[in-house]
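# Fold and contact review
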Amino acid sequence: MSELIAKKTAEAINWHARALALSVEGRAFIGGEYCSSASGQTFATINPATRQALAEVADCGELDVNRAVMAARAAFDDGRWADLAPVVRKTIMLRFAALIREHSEELALLETLDTGKPISDSLAVDIAGSAYCIQWYAEVIDKVGGEVAPLASNLVGMVTREPLGVVAAVVPWNFPLLMASWKIAPALAAGNSVILKPSEKSPLTAIRIAALAQAAGLPDGVLQVLPGAGATGRMLAEHPDVDCIAFTGSTAVGKCIMQAAAQSNLKRVWLELGGKSPNIILADCPDIAGAASAAAGGVFYNQGEMCSAGSRVLVQREIYPQFIAALQAAAMAYTPGDPLDPATRMGAIVDQIQYDKVLAYIAAGKVEAEHLGGGDVVMGETGLFITPAIFNTAANTTIAREEIFGPVCSVIVFDTFDEAIQIANNSEYGLAAAVWTSNLTTAHTMAKKLRAGTVWINCYDEGGDMNLPFGGYKQSGNGRDKSLHALEKYTELKSTLIKLS
Ligand code: NAP
Ligand code: MG
């Protein structure tokens, strides 16, 4: 869905009335059916815009994890999915994508209520992007084949890719369905069985799409959804019968997952972790107002809860006054509002823990840096809303080094090309970076020198296209989501050699 159509659709709907009428599923999905957790335990998921509970959700423990792994293993072993003809699997996944589109208003509403993000964004980005991702990998299923190796004439060597088996996908709360789709779509396309563990802060869309996958014809046991806390994810990471864990989340938890994999069965581990991405604005930037507007979007979109947030804005000294004025003006567009109002561009922070963490960073910023405005609590009696904060800071402060995952922008002034590269690369992270310049040589040279998985030139976070791999250098993780490369994560490579004579 184009953003314009999504906006028009969003405007035409009375979302508050829809929210009142919404029925919410909170149970796990194992072996083709919704079920409560074995212990009967639940937790409440909250709407951060109102602080009200939305639903009780199954808190899956060890028995549920074991049952889900067994169901996934059985489905993989009997080949009910992997052994279907590629064109059949493609058709089922295309139907799955179509059903997500058909239910996009319901899913967008669930996503907005659960996370606090603006409804227009849920519709145009989260849900539309999820359907597109699943469609994209569906289309790949009957297009990508193996290789025949160039060997001696009496030998035939085939190089083929086979599914890994049982894949666990553990995902975060900032783009719940989209991050889930980036994992489950290539994993299913490759023929695996999948167990999806959404964040306890935002489990509702993941739970809902299990039924849509089943309605599309995905055989029972091929997709499980296990809501629960971090412990549920840990049990999957430790499980001896899970073949691969694909994780998006914090660097700290990513390290725990790698350790759990090492200590259990050496399951494959793919990590998409945090970031503190530099957005470098050179004095020869082609359009200062445009760059400032993109920089504001780069750090304030989705309440700043983005792994790819351009939270370090590096500005060359000559243009600092102009740029800051333009950035402050652009930040005004992100004044928080009711997430169910289609005109809102900044919603609520996902929960009290994250809200307190962001406010603590803002307080630290006021001590260690020059506060240029924002970072205020608004509508505090209603929900968890913070206005976009801008600081002018040295490169070594806490707010300029640590991932905040909230609407806080650290502006750092630099003088030379080399200084900009040095500051940009001086981070434990390496997820993304951007450069704004009119000079082709500067653009290419910087792009090469920046230690990041994605470099944008004269734009920020133009990431919607599935053809571009996404992931990090250094402690931002390993492996890549999106693109054909993601299929490699969910397959083993097999060499088959036949001797003819
Ligand atoms: P998180 O705390 O690391 O949680 C991520 C997921 O892991 C959640 O489902 C969480 O469950 C689960 N989990 C928690 N502890 C676990 C453990 N010991 N073992 C296994 N699983 C565990 O991260 P988050 O706060 O949800 O998300 C924010 C982070 O994600 C940021 O650092 C951000 O940069 C990163 N992120 C990265 C990308 C990317 O593509 N690189 C994209 C989006 C977000 P509960 O939530 O239920 O505790
Ligand atoms: Mg919630």
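Note that the structure is predicted; figures quoted are calculated from it, not measured.

### Considering the domain arrangement of the chain
On domain assignment, one finds that the chain holds domain 1 (3-273) and domain 2 (278-467). Computed over C-alpha atoms only, the centres of domain 1 and domain 2 are separated by 30 Å. The interface of domain 1 with domain 2 comprises 32 residues on the first partner and 34 residues on the second. When the two sides are added together, the surface that domain 1 and domain 2 hide from each other amounts to roughly 2,700 Å², 59% of it contributed by carbon and sulfur. When the buried surface of domain 1 facing domain 2 is broken down by residue, Arg51, Pro118 and Trp173 rank first, second and third, together holding 21% of it.

### Quick word on the pairing of strand E7 (residues 166-170)
Within E7, five of the five residues are buried, which leaves it mostly tucked inside the rest of the structure. Across the two faces of E7 the burial is the same, with Val166, Ala168 and Val170 and Val167 and Ala169 all buried. Across five bridges, the pairing between E7 and strand E8 (residues 193-197) is parallel. Along E8, the bridge assignment pairs alanine 169 with leucine 196. Crossover E7 to E8 through helix H7 (residues 176-189) is right-handed. Summarising the sheet, E7 and strand E10 (residues 244-248) pair through four bridges and their orientation is parallel.

### Observations regarding the site of ligand 1
Close to ligand 1 lie 29 residues, the nearest being Val171, Ser199, Ser250, Leu273 and Glu403. A distance of 2.9 Å separates an oxygen atom of ligand 1 from a polar side-chain atom of tryptophan 173. When ligand 1 is considered free in solution it has 900 Å² of accessible area, and contact with the protein chains removes 88% of it. Put simply, the parts of the chain that give the shell around ligand 1 at least two residues each are helix H9 (230-238), E10 and helix H10 (251-263). Among the elements that take part in the shell around ligand 1, H9 stands out by supplying three residues, more than any other.

### A look at the packing of aromatic side chains
Scanning the entire structure with this criterion turns up six aromatic pairs. Judged by centre distance (4.9 Å) and plane angle (70 degrees), the rings of phenylalanine 29 and tyrosine 34 are edge-to-face. The buried category is assigned to phenylalanine 29, whose relative accessible area is 4%. An angle of 50 degrees between the planes, with centres 4.7 Å apart, marks the rings of tryptophan 456 and tyrosine 460 as tilted. Positioned above the aromatic ring of tyrosine 334 is the side chain of arginine 345, whose terminal nitrogen or guanidinium carbon lies 4.8 Å from the ring centre.

### Digging into the coordination of the magnesium ion (ligand 2)
At this site the magnesium ion (ligand 2) is bound by Ile46 (O), Asp114 (O), Asp114 (OD) and Lys201 (O), with donor distances of 2.4 to 2.5 Å. Each donor residue of the magnesium ion (ligand 2) lies on one chain, and together they are spaced I-x67-D-x86-K. Separated by 87 residues along the polypeptide, aspartate 114 in helix H5 (residues 104-115) and lysine 201 in the loop between E8 and helix H8 (204-216) bring together distant segments of the chain. Like lysine 201, aspartate 114 is buried.

Here is what the cut-offs are and how they apply
Residues numbered from 1 in each chain as written. Chains lettered and ligands numbered in written order. Predicted model: local features only at pLDDT ≥ 70, side-chain atom pairs only at ≥ 80, totals over all residues. Heavy atoms only, no water. Domains from an automatic or database assignment. Contact = heavy atoms within 4.5 Å. Buried area = accessible area lost by both parts, 1.4 Å probe. Buried < 20%, exposed > 50% of the residue type's maximum accessible area, 1.4 Å probe, protein only. Helix = DSSP H or I, 4+ residues; strand = E, 2+ residues; numbered from the N terminus. Pairing = 2+ DSSP bridges. Right-handed = clockwise from strand over helix to strand, strands pointing away. Near = heavy atom within 4 Å. Polar contact = N/O pair within 3.5 Å; in protein donor to acceptor, adjacent residues only side chain to side chain. Areas by Shrake-Rupley, 256 points an atom, 1.4 Å probe, with all protein chains shown as cover. Phe/Tyr/Trp six-rings, centres within 6.5 Å; stacked < 30°, edge-to-face > 60°. Lys NZ or Arg CZ within 6 Å of the ring centre and 35° of its normal. Donors = N, O, S within 2.8 Å, 3.2 Å for Na, K, Ca; no water.

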